[in-house]
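Below are the chains, spelled out letter by letter.
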Number of protein chains: 2
Amino acid sequence: MKAAIITIGNEILSGMTLDTNAAYLSQELGKIGIEVVLKISVGDRPADIGQAFKQALAGTDIVLCTGGLGPTSDDITKRVAVKFFKAKLKLDKGTLEHIHSRFAKRGIEMPACNRGQAMVPNKTEVLFNPEGTAPGLLFKKAKKILVLMPGVPREMKAIFAGSLKERLTALSKGMDIRVVTLRTTGIAESAVSEKLSGFEKELAKGALAYLPTHLGVDLRLTISGKNLSVIDNKLNDLSEKITGVLGHVIYGKDDQTMEEVVGRLLKEKKLTLTTAESCSGGLIADRITNISGSSDYYLGSAIAYSNILKEKMLGVKSQTLRLHGAVSKETAIEMANGVRGRLGSDLGLAITGIAGPGGGTDKKPVGLIFMAVAGPKGTVVEERRFLGQRRHIKESAAQAALNMLRLYLLK
Amino acid sequence: MKAAIITIGNEILSGMTLDTNAAYLSQELGKIGIEVVLKISVGDRPADIGQAFKQALAGTDIVLCTGGLGPTSDDITKRVAVKFFKAKLKLDKGTLEHIHSRFAKRGIEMPACNRGQAMVPNKTEVLFNPEGTAPGLLFKKAKKILVLMPGVPREMKAIFAGSLKERLTALSKGMDIRVVTLRTTGIAESAVSEKLSGFEKELAKGALAYLPTHLGVDLRLTISGKNLSVIDNKLNDLSEKITGVLGHVIYGKDDQTMEEVVGRLLKEKKLTLTTAESCSGGLIADRITNISGSSDYYLGSAIAYSNILKEKMLGVKSQTLRLHGAVSKETAIEMANGVRGRLGSDLGLAITGIAGPGGGTDKKPVGLIFMAVAGPKGTVVEERRFLGQRRHIKESAAQAALNMLRLYLLK
C-alpha cells in the first residue's frame, strides 16, 4: 500500500505554518505498514488543489489531505473535492448537532457561517471530529481513497486516531516494522557514538539513528521484515545490549518523557515532591503537572524569582545570599531544604542559575546552574553549564534538574 | 531569484522529525524576496542526496540543504557534496578551535569524532556556527549557490541569521512583500470573520488569512508589489481599519506574545506581579519568565497544587475550600488576594480549575476554570470553560489568565 499526503494552505507553502500534519501522518502510516511516497504542498487556489488530487490519486492507493475545511471564505478544499468527485452537498444533521453542542458547552451562540461545516458531500463517509466543528470526509473512487481532514493538528489527529487509522490498518498488508527509541540525557551525541562503536557492525545498516536535541540524544532502532517474532527478537536483543553499555544515561523508551519517568518513580516509592525554582521560572512545575495524576505525588512549588521571595518563601538566609549570591551551591542547598521543610514533602528539588541574556559575569556566566535535591538520603548539589539562548537554557536546566532527581531516586 | 530547499534525513522522510527547517527557510527567504519553488526530502542515502542536489540546482539559483552534518557515521551530506563538487577536504583551524572551546566551556574533553567536523572542502566558504560544532558550507558553481547547514534548527538558524541572510539579500532583486499579523484571543474564528464581513471586498484577494489555534486567531495580512511605500500605506490602512473594528481582542502584532505585551504594560505602569497557580501548574510563571528582564516586574509564584498548600502558601481559608471547593470563584479570589498580600506585589493573578482527564463532575466538568486578578483597582474574577486534552486546557487557561491581566491593566 502506498500513500500520498497533501497539505493545503498558503501558510504551509510559504513556511508561515509548520507542516506538522504531514510528519504525523507519515509516522502513523509507517506504523501500520503504509509507505508514504509523495508529499505535496499547495496553496489555497482551486486549480492547484484539483491538480494535486489528480496527481496523488494517480500514483497511490490512499491520499490524505489536511487543511482548508474551516468556516471562513479562504477555506475551499471541500468545494474543490465536491467538484472533483462530481458530488452534491447535503445537510448532515448529526454534524450540525455536534457543532451546536460545542458552542453551547462554551455558552456561545453558534455563528451562522459554522452551519456550512455541516453540509457534506453525498458520496462520502463522515468521520467524526471530537475536537472541532469540521468533520473528516472520506471519498472512494475505483478502490482508491481520498480523505479530507481539517488542518488544525489536534482535530486531524482526533479524526485519524478515532476512526481512520483502524480503517487503513485493515487495508494494509505491508511489511511489519518495529521501532524502539531509547532516550538518553546528560551525554553528548559523540560520546554515545564512541560508547556504541563496538556495535556498529551488529547494527543492521541504517537501523540506528541518532536524534540529538538540547534535552538529550534519542537513539532510534528500526527493524523491518516479514516475520514479526524475528523482528521483535532482534530488536529486544539490540535494545538490551545498548542499555547494558549505556546504563542510567537512558531514562526512558519511545515517547516516555522525563516527567513521566520521575512521576512513576515517586509513585512507586510513595514519596511526595515539592520544587523551588528560580531561573527555570516554573518550567519544572509545568512539566511535572503535565502528567495526569501528578497531584498524587506533587504538592506544589515556590517560584522564588526575586531574592526577597527566596528568603520569604524558602527561608534562604540573607547572609547566604550576601556572601555567596543567589546563584551558588549554598543557595541551591538552602532552597531544596527550605521547600522540603516549609511545604512539607518527602523530597525537595531546587534550581537557581542565570538564564540570560543579561546577568552574567566572568565568574558566573550566563548558563551557570546549581541544582539540589533534599530528601531522606540527604542533600546533594550539582553545578552545570549550558550554552544558548534564554529559552534553551531554561529547558536544558529543567531537564537536568529532573534527571538529577531521577538519579537520586534510583540510588 | 528562485530557491529550493532540501531536507536530508530518514527521520524527516518518515515523519519522525518535523521539517521545521524548510518552514523557517521558506519564510525567511520570502521576506527577502526569494521565492521557494521546490521542496525535496530525501533519506540518508548518497545516491538520493546527489540526485536531489542535481535536480534542485537545475531549476533554481539557490539551494539550501539542512541535515546530515553531525559527527556520527550516519551523517553523510558533506561527503556526498565533496564528491559532487569534486572538492577535497582540508582541516580548518578556526573551526577546530571553535569546537575545542565549546567542549572546554562545558568542562568536557572533545571526543575524537568531532575533529571530523573541522575538515572542510577546499572550494567552499565556511559559515560560522555560533550554536554548535558543524559549520555551514557554501559551494559556488556557475553563478549558482548550494549551502549545507546542520539539521539542528537552532544551529541552522544561527548560521542563516548570522551570515547567510545578508549574502542572499544582496543577491535578491525580487518584489517587495510586507506581512503584518494581528493577534487576537478570546474570540472564535467565525466571530472574527463575521465582524470583518464588511471588509471582504476591500481586502485584496488572498490578502487576509485566518490562522486559528487554541490560543487565539491570528489574522495575517499580506501585500506585495513593486513600490514599497504604496505597499506600506495599503497595509497600514487595512491594519488600522481591522483594529478599529476588533479593538481589545487584538493583543499584539507579528511575533509578539501575550507575556511580552503583559510585561511591557507592567513595566510602563511600574507595577510588580506575583501569581498563584493551581491547574496551570507553573505554565503562567514559565511564560512570564521567558521574557528577558521579567525580574524587573515579576517576583515569583506560589504553585499551590494541593489544597494544603493553598492554605499554607496563600492563606485560602479551609472553610472556603470546604464550602465552595478548590475550583470556585471564592477560592480564586482568595488565591489572588493571598498571593498579592503575602508575597508583597502590586498585582496578584490566580487560577484554579480542572485540567483533567480525571477530577471532573457534572457540576464542575473538566475544563472549568476560575481566574482572578487582585490589584489597586480591586479584585475581579472570571469563569471560563475549555474543551480538549489536559495540556490543551492548561495552555488555553494560561493564555486566558494572562489576557485577563492584560485587560485589567488596560482599564
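Residues numbered from 1 in each chain as written. Chains lettered and ligands numbered in written order. Predicted model: local features only at pLDDT ≥ 70, side-chain atom pairs only at ≥ 80, totals over all residues. Heavy atoms only, no water.

Here the focus is the overall build of chain A. Helices and strands together make up the secondary structure of chain A, namely 14 helices and 17 strands. For chain A, the spread of C-alpha atoms along the principal axes amounts to about 80 × 60 × 40 Å. Expressed as a percentage of the 411 residues in chain A, the buried residues total 54%. Restricting to contacts in chain A with at least 6 residues of sequence separation, those with at least 24 account for 67%. Of the accessible surface of chain A, which amounts to about 17600 Å², a share of 53% is contributed by carbon and sulfur atoms. Averaging the locations of the 58 positively and 41 negatively charged side chains of chain A gives two centres separated by 3 Å. (Helix = DSSP H or I, 4+ residues; strand = E, 2+ residues; numbered from the N terminus. Buried < 20%, exposed > 50% of the residue type's maximum accessible area, 1.4 Å probe, protein only. Contact = heavy atoms within 4.5 Å. Areas by Shrake-Rupley, 256 points an atom, 1.4 Å probe, with all protein chains shown as cover. Lys, Arg positive; Asp, Glu negative; His and termini not counted. Charge placed at Lys NZ, Arg CZ, Asp CG, Glu CD.)

Now for the interface of chain A and chain B. By a widely used convention, the size of an interface equals the accessible area lost when the partners come together. In this complex, chain A contributes 79 residues to the contact, which on the side of chain B involves 79 residues. Regarding the contact of chain A and chain B, the summed buried area is about 6000 Å², with carbon and sulfur atoms giving 56% of it. If you sort the residues of chain A by the area they bury against chain B, Met16, Tyr305 and Leu387 of chain A come out on top, with a joint share of 9%. Taken together, the links from chain A to chain B amount to 4 salt bridges. Arg391 of chain A is the salt-bridge partner of Asp286 of chain B, the closest N and O atoms lying 2.9 Å from each other. Here chain A is connected to chain B by 33 residue pairs in polar contact (both at pLDDT 80 or more). The leading source of residues in the side of chain A that touches chain B is strand S14 (residues 298–304) of chain A, at 7 residues. Partitioning the side of chain A that touches chain B into residue classes produces 30 nonpolar, 28 polar and 21 charged. Bridging between S14 of chain A and strand S14 (residues 298–304) of chain B involves 5 bridges; their strand directions are antiparallel. (Buried area = accessible area lost by both parts, 1.4 Å probe. Salt bridge = Lys/Arg side-chain N within 4 Å of Asp/Glu carboxyl O. Polar contact = N/O pair within 3.5 Å; in protein donor to acceptor, adjacent residues only side chain to side chain. Nonpolar A, V, L, I, M, F, W, Y, C, P; charged D, E, K, R; others polar. Pairing = 2+ DSSP bridges.)

Glancing now at the nonpolar core. Soluble globular proteins tend to bury their nonpolar side chains together. Judged by nonpolar contacts, the single largest core of 70 residues is most densely connected at Leu347 of chain A together with Leu347 of chain B. One finds Val327, Val339 and Leu343 of chain A together with Met335 of chain B within the second-largest nonpolar core, a separate group that totals 44 residues. (Core = buried A, V, L, I, M, F, W, Y, C linked by side-chain atoms within 4.5 Å.)

Each copy of the sequence occupies a distinct position, and chain A is placed on chain B by a rotation of 180° and an axial shift of 0.0 Å, giving an RMSD of 0.0 Å. What the superposition gives is, in effect, a two-fold axis relating one chain to the other. A shared binding surface is used by both copies, with 100% of the interface residues of chain A retained as interface residues in chain B. (Least-squares fit on C-alpha atoms with pLDDT ≥ 70 in both.)

Residues and elements named next belong to chain A. Across 6 bridges, strand S10 (residues 208–213) lies against strand S11 (residues 216–225) in antiparallel orientation. Bridge pairing in S11 places Tyr210 opposite Leu219. Counting the residues between successive antiparallel strands, the hairpin from S10 to S11 contains 2 residues.

To continue, consider helix H11 (residues 307–314) of chain A. All names here are of chain A. Listing the buried residues of H11 in full gives Leu309, Lys310, Met313 and Leu314. One side of H11 holds all its buried residues, which, seen down the axis, span an arc of 110°. Positive phi shows up at Gly315, right after H11, with a value of about 70°. (Arc of directions from axis to C-beta.)

Take the sheet that holds strand S2 (residues 35–42) of chain A next. Residues and elements named next belong to chain A. Sheet architecture is open: 6 strands sit in the order S2-S1-S3-S8-S7-S6, paired in mixed fashion. Since the sheet does not close on itself, it has two edges, and those belong to S2 and strand S6 (124–127), each with one partner. Looking at each pair of strands side by side, their axes are set apart by 20° on average, direction ignored. Contacts from helix H6 (residues 153–171) reach strand S3 (62–66), S6, strand S7 (136–141) and strand S8 (144–149), with the element oriented near 170° to S8. (Axes fitted to C-alpha atoms, helices over the stretch in contact; angles between N-to-C directions.)

Below, the discussion takes up unusual backbone geometry. Along the chain, Gly356 of chain A connects to Pro357 of chain A via a cis peptide bond; the corresponding omega equals 0°. Of note, Pro357 of chain A is situated in the loop between strand S15 (347–353) and strand S16 (368–375).

All right, on to the sheet that holds strand S6 (residues 124–127) of chain B then. Strands in a sheet are paired, the pairing made by backbone hydrogen bonds, and the direction either parallel or antiparallel. All names here are of chain B. The mixed open sheet is built from 6 strands, whose spatial order is S2-S1-S3-S8-S7-S6. Taken across any chain shown, the strands that pair with only one partner, and hence form the sheet edges, are strand S2 (35–42) and S6. The average undirected angle you get between the axes of adjacent strands in this sheet is 20°. Both strand S7 (residues 136–141) and strand S8 (residues 144–149) contribute to a ladder of 5 bridges, which runs antiparallel. Paired with Lys141 across the bridge in S8 is Lys144.

Taken together, the side chains of Lys86, Lys88, Lys123 and Lys141 of chain A define a basic patch exposed on the protein surface. Residue placement: Lys86 of chain A occurs in the loop between helix H4 (77–84) and strand S4 (89–91). (Patch = residues over 30% accessible without salt bridge, like charges linked within 9 Å, V, L, I, M, F, W, Y side chains within 5 Å.)

Residue position: His98 of chain B is located in helix H5 (residues 93–105). Only 2.8 Å separates the side chain of His98 of chain B from the backbone oxygen of Asn129 of chain B, close enough to count as a polar contact.

Let us now look at the domain arrangement of chain A. According to the domain assignment, chain A contains domain 1 (2–171), domain 2 (176–253) and domain 3 (258–410). Each of domain 1 of chain A and domain 3 of chain A has a C-alpha centre, and the two are 44 Å apart. (Domains from an automatic or database assignment.)

This next bit is on the packing of aromatic side chains. All names here are of chain B. Enumeration according to the criterion identifies 10 aromatic pairs over all chains in this entry. Note on Phe53 and Phe84: the rings are 5.6 Å apart at their centroids and 75° apart in plane angle, and the pair reads as edge-to-face. Here the residue Phe53 occupies a position in helix H3 (residues 46–59), and Phe84 occupies one in helix H4 (residues 77–84), the gap between them amounting to 31 residues. Residue Phe53 is classed as buried on the basis of its relative accessible area, which comes to 0%. On the numbers, 5.1 Å between centres and 75° between planes, the contact of Phe84 with Phe85 is edge-to-face. Phe84 sits in the partly exposed class, given a relative accessible area of 22%. (Phe/Tyr/Trp six-rings, centres within 6.5 Å; stacked < 30°, edge-to-face > 60°.)

As a further point, take the packing of helix H9 (residues 258–268) of chain B against helix H14 (residues 390–410) of chain B. All names here are of chain B. Where H9 meets H14, the closest approach of the two axes is 10 Å, and the angle between their N-to-C directions is 30°. On the basis of the axis angle, H9 is roughly parallel to H14. Classified by chirality, the crossing of H14 by H9 is left-handed. Contacts between H9 and H14 involve Met258, Glu259, Val261, Val262, Leu265 and Leu266 from the former and Gln399, Leu402, Asn403, Leu405, Arg406, Leu409 and Leu410 from the latter. Classifying every residue of the contact of H9 with H14 by side-chain character gives 9 nonpolar, 2 polar and 2 charged. (Parallel < 35°, antiparallel > 145°, perpendicular 65-115°, else oblique. Left-handed = near helix turned anticlockwise from the far one by under 90°.)

Time to look at the packing of H11 of chain A against helix H13 (residues 329–343) of chain A. Residues and elements named next belong to chain A. Contact pair H11 / H13: the axes reach a minimum separation of 9 Å and the direction vectors enclose 40°. In this view, H11 runs oblique relative to H13, as classed from their interaxial angle. In this structure, H11 uses Lys310, Glu311, Lys312, Met313 and Leu314 to contact H13, whose residues at the interface are Thr331, Glu334, Met335, Gly338, Val339 and Arg342. Broken down by class, the residue content of the contact of H11 with H13 amounts to 4 nonpolar, 2 polar and 5 charged.

Moving on, we get to the pattern of salt bridges. What the rule picks out here adds up to 32 salt bridges over all chains. Between Glu125 of chain A and Lys140 of chain A there is a salt bridge whose closest N-O contact spans 3.5 Å. Residue Glu125 of chain A is located in strand S6, and its partner Lys140 of chain A is located in strand S7; the two are separated by 15 residues in the primary sequence. Note that Arg167 of chain B is salt-bridged to Glu125 of chain B, the shortest N-O span being 2.4 Å. A residue pair is termed long-range when its members are at least 10 positions apart, and Arg167 of chain B in helix H6 (residues 153–171) and Glu125 of chain B in strand S6 qualify at 42 residues. Judged by its relative accessible area of 31%, Arg167 of chain B is partly exposed. Taking the relative accessible area as the measure of exposure, Glu125 of chain B reaches 27% and is therefore partly exposed. Overlapping salt bridges bring together Asp286 of chain A together with Arg391, Lys394 and Glu395 of chain B as one network.

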